Amino acid sequence: MNTTVHPATQTTDDSSVCPCRYIRKQAFIETVRRQKLKTIEEVRAATFINTSCGCCYETVQAILNELNSASEPGKD
Ligand code: FES
């Protein structure tokens, strides 16, 4: 079990990740973890994030990268 608290999730920051879809950071992280989403395509299909103007792409991808790297074996 990975008990390391990753920087992407240790913050109390609950800023908006995707204003177009009214998706906030903590809810997004929770959904990605719960549904084990790994790619931008998967999160788009599951949450509709990044499916309007596209401005949030880099933020969404950065959060995904952090969560994916935190869940890799040997990263605890
Ligand atoms: S801010 Fe995410 S699609 Fe517009």
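The structure reproduced in this document is the subject of the present report.

Reading guide: rules and limits
Residues numbered from 1 in each chain as written. Predicted model: local features only at pLDDT ≥ 70, side-chain atom pairs only at ≥ 80, totals over all residues. Helix = DSSP H or I, 4+ residues; strand = E, 2+ residues; numbered from the N terminus. Buried ≥ 20, exposed ≤ 12 C-beta atoms within 10 Å, placed from the backbone. Contact = placed C-beta atoms within 7 Å. Expected span 1.5 Å × (residues − 1). Arc of directions from axis to C-beta. Core = buried A, V, L, I, M, F, W, Y, C linked by C-beta atoms within 7 Å. Axes fitted to C-alpha atoms, helices over the stretch in contact; angles between N-to-C directions. Parallel < 35°, antiparallel > 145°, perpendicular 65-115°, else oblique. Nonpolar A, V, L, I, M, F, W, Y, C, P; charged D, E, K, R; others polar.

1. What about the overall build of the protein?
For the protein, the count of helices and strands is four helices and two strands. Traced from its N-terminal end to its C-terminal end, the protein shows the element sequence α-β-β-α-α-α. For the protein, the residues scored as buried account for 18% of the 76 residues in total. The long-range fraction of contacts in the protein, counting pairs at least 24 apart against all pairs at least 6 apart in sequence, stands at 51%.

2. A closer look at helix H4 (residues 57-71)
Since the α-helix turns once every 3.6 residues, residues separated by three or four places project in the same direction. Look at H4: 21 Å from first C-alpha to last across 15 residues, which is about the 21 Å you get at 1.5 Å a residue. By the burial criterion, the buried members of H4 are Val-60, Ile-63 and Leu-64. Axial view of H4: buried residues confined to an arc of 100 degrees, hence all on one face. Exposed positions of H4 whose direction lies more than 90 degrees from the buried face are Glu-58, Ala-62, Asn-65 and Ser-69.

3. Regarding unusual backbone geometry
The backbone of Tyr-22 shows a phi angle near 55 degrees, a positive value even though the residue is not glycine. As for its position among the elements, Tyr-22 is in the loop between strand S1 (16-18) and strand S2 (23-24).

4. Remarks on the nonpolar core
Within soluble globular proteins, side chains that are nonpolar tend to cluster in buried spots. Within the largest apolar cluster, 12 residues are counted, these being Val-17, Cys-18, Phe-28, Ile-29, Val-32, Leu-37, Val-43, Ile-49, Cys-56, Val-60, Ile-63 and Leu-64. Non-local contacts of Leu-64, meaning those with residues more than four positions away in its chain, are made with Val-32, Ile-40 and Val-43.

5. Some details on the packing of helix H2 (residues 25-35) against helix H3 (residues 40-47)
Running from amino to carboxyl end, H2 crosses H3 at an angle of 105 degrees, the nearest separation of the two axes being 11 Å. On the basis of the axis angle, H2 is roughly perpendicular to H3. Where H2 approaches H3, its residues Phe-28, Thr-31, Val-32 and Gln-35 are matched on the opposing element by Val-43, Ala-46 and Thr-47. Grouping the constituent residues of the contact of H2 with H3 by class yields four nonpolar, three polar and no charged.

6. A word on the environment of Phe-28
When you line up the elements, Phe-28 lands in helix H2. Spatially, the C-alpha atom of Phe-28 lies 8.0 Å from that of Val-17, the residues being 11 residues apart in sequence. Apart from residues lying up to four places away in sequence, Phe-28 is in contact with Val-17, Ile-23, Thr-47, Ile-49 and Ile-63.

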